[in-house]
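Chain residues, written in single-letter form:
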Amino acid sequence: MSLTDIAAGAIFIACWLVYEPLLERLTGGRGAINIDLRAVREGWVRRMMARENRIMDAALLGQLLNSASFFASTNLLIIAAAAGLLFGGEAILGNLRGVSFSGLEPDWLIQTKVALVVVTLTRGLLDFIWAIRQLNFCAALFGAAPERGEIEHHESYVRATTQVLSPAFNSFNKGVRAYYFALAAAIWLASPWPMAAASLLTLALLLARQVSSEAAIGLREARLVLEAMQRRED
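Residues numbered from 1 in each chain as written. Predicted model: local features only at pLDDT ≥ 70, side-chain atom pairs only at ≥ 80, totals over all residues. Heavy atoms only, no water.

Engineer: It is not clear to me how the overall build of the chain should be interpreted in this structure. Could you clarify?
Structural biologist: Secondary structure summary: the chain contains eight helices and zero strands in total. In the chain, the order of α-helices and β-strands from amino to carboxyl end is α-α-α-α-α-α-α-α. For the chain, the spread of C-alpha atoms along the three principal axes comes to 70 × 35 × 25 Å. Looking at the chain as a whole, 39% of its 234 residues are labelled buried. If you take every contact in the chain between residues at least 6 apart in sequence, the share linking residues at least 24 apart comes to 79%. Surface summary for the chain: the accessible area is close to 12300 Å², and the carbon and sulfur share equals 67%. Averaging the positions of the 21 positive and the 20 negative side-chain charges in the chain gives two centres separated by 2 Å. (Helix = DSSP H or I, 4+ residues; strand = E, 2+ residues; numbered from the N terminus. Buried < 20%, exposed > 50% of the residue type's maximum accessible area, 1.4 Å probe, protein only. Contact = heavy atoms within 4.5 Å. Areas by Shrake-Rupley, 256 points an atom, 1.4 Å probe, with all protein chains shown as cover. Lys, Arg positive; Asp, Glu negative; His and termini not counted. Charge placed at Lys NZ, Arg CZ, Asp CG, Glu CD.)

Pasting the structure below:
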C-alpha cells in the first residue's frame, strides 16, 4: 500500500470521526438539524400528552419504524452485494482492477478497498438496527403515556420519552450518513486522491445541510416558536 493510499484512508477515517465533534463546535450545541429536532420531538411528545386521541401519534411512529426497517433491509442487500465482490474470484478482481487509474494494484489492496465499503455500510446497518430497537421502545412509551388529565406527570414523562426518541433518530441519521461515506470509500477503487477529496466533500456537504440548508433554517424557526410557546405555558 502506497503512502498516498495510507493518507487517503486516514483522511477518510478522520472525516468520519470528526463530523459530530466538528458540528457541535461549529454550532455551539444549537442551530443544527439534529439539535433543533430534539426540541421539535419534545414538542411532539408534549402535544401527544394533551391529546385524548393518540392514533395520529401511533401512525407517525409506525411510519418512522417502516422507514428505518426499509433502510436496514436495503443496507443489508448492498452489504451482501459488496461482500460478494470479495469472494468473486480472479474475474471479479480483474474487473475491479480495471476501474483503477493505475490498473496495477495487487489483489489484497483491491480487497481492502472493497472491505472498507463493507465496513462502512455494516456500521450503518448496526445504527439502523439500534434505531429500530429504540423506536420499538418509544412505541411502548407512547402506549404507556399518562392520560391527558394526569397533568402532574406530563413533564417528567415528556423528558423521559424524548431521551429515548431523540437517540433513536440520531441512530437513524448515523445509518443514513454511512451511505454518504460508503460512496466516498467506493471511489478509492479508482484512485486514493479522489477518495480523499470525496471524503472532504462529504464532510462539507453534511455540515452545510445541518447548518445552512432551507430545512435547517425552517427547523430552527420551528424550535424557537416551540420554545416561546413553552415559556408562555410555564
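Engineer: Looking at this structure, how should I read the environment of A168?
Structural biologist: In this fold, A168 is placed in helix α6 (residues 154–186). Taking relative accessible area as the criterion, A168 reaches 1% and is therefore assigned buried. Here the alpha-carbon distance between A168 and L205, two residues 37 residues apart in the chain, equals 23 Å.

Engineer: What exactly am I supposed to notice about the environment of N136 here?
Structural biologist: Looking at where N136 falls in the secondary structure, it is placed in helix α5 (residues 107–143). Judged by its relative accessible area of 40%, N136 falls in the partly exposed class. Placed 64 residues apart in sequence, N136 and L200 show a C-alpha to C-alpha distance of 35 Å.

Engineer: Just checking my understanding: could you explain the packing of aromatic side chains for this structure?
Structural biologist: In this description, a pair of aromatic rings is defined by centroid distance and the angle of the planes. For the coordinates displayed, the defined rule picks out eleven aromatic pairs. Ring centres 6.2 Å apart and planes at 55° place the aromatic pair F71 and Y179 in the tilted group. Taken together, the residues span a long stretch of sequence, with F71 in helix α3 (residues 55–86) and Y179 in helix α6 at a distance of 108 residues. You can call F71 partly exposed: its relative accessible area is 26%. Cluster of aromatic residues (ring-pair linked, three or more members): F70, F71, F128, F172 and Y179. (Phe/Tyr/Trp six-rings, centres within 6.5 Å; stacked < 30°, edge-to-face > 60°.)

Engineer: Help me understand the pattern of salt bridges in this model?
Structural biologist: Any two side chains of opposite charge can pair, on the condition that their charged atoms come close. Counting across every chain of the model gives ten salt bridges. Between E20 and R177 there is a salt bridge, and its shortest N-O distance comes to 3.2 Å. Within this pair, whereas E20 is found in helix α1 (residues 3–27), its partner R177 is found in helix α6, the two being separated by 157 residues in sequence. Exposure remark for R177: the relative accessible area of 8% places this residue in the buried category. Between D57 and R51 there is a salt bridge, with the nearest N and O atoms lying 2.5 Å from each other. Counted as one network, the salt bridges with shared partners bring together D36, R220, R223 and E227. (Salt bridge = Lys/Arg side-chain N within 4 Å of Asp/Glu carboxyl O.)

Engineer: Help me understand the packing of α1 against helix α7 (residues 192–211) in this model?
Structural biologist: Two quantities define a packed helix pair, namely the angle between the helix axes and the distance between the axes. For the pair α1 and α7, interaxial distance at closest approach is 8 Å and the crossing angle is 10°. Taken together, the axis directions place α1 and α7 in an arrangement best described as roughly parallel. (Axes fitted to C-alpha atoms, helices over the stretch in contact; angles between N-to-C directions. Parallel < 35°, antiparallel > 145°, perpendicular 65-115°, else oblique.)

Engineer: Teacher, can you tell me more about the environment of R47 here?
Structural biologist: Summarising the element assignment, R47 is placed in helix α2 (residues 33–50). On the basis of relative accessible area, R47 is assigned to the partly exposed category, the value being 24%. Excluding residues that lie within four positions of it along the chain, R47 makes contacts with L226, M229 and E233.

Engineer: Even after reading the chapter, I still don't get the packing of α1 against α5, so can you show me in this structure?
Structural biologist: The contact between α1 and α5 brings their axes to 13 Å, and the two run at 0°. With respect to each other, α1 and α5 are oriented roughly parallel. In this structure, α1 uses D5, F12 and W16 to contact α5, whose residues at the interface are L109, K113, L116, T120 and R123. Tallied by class, the residues present in the contact of α1 with α5 amount to four nonpolar, one polar and three charged. (Nonpolar A, V, L, I, M, F, W, Y, C, P; charged D, E, K, R; others polar.)

Engineer: Just checking my understanding: could you explain the nonpolar core for this structure?
Structural biologist: Soluble globular proteins tend to pack their nonpolar side chains together in the buried interior. Among the nonpolar cores identified, the biggest contains 49 residues, and F12, L135 and L165 are the most heavily contacted of them. Among the elements of the structure, α1, α2, α3, α5, α6 and α7 are those that each provide at least two residues to this core. Looking at which element gives the most residues to this core, the answer is α5, with 13 residues. With near-sequence residues (within four places) excluded, L135 lies in contact with L61, L64, L65, A68, L165 and A168. (Core = buried A, V, L, I, M, F, W, Y, C linked by side-chain atoms within 4.5 Å.)

Read these as spatial facts, not as claims about activity.
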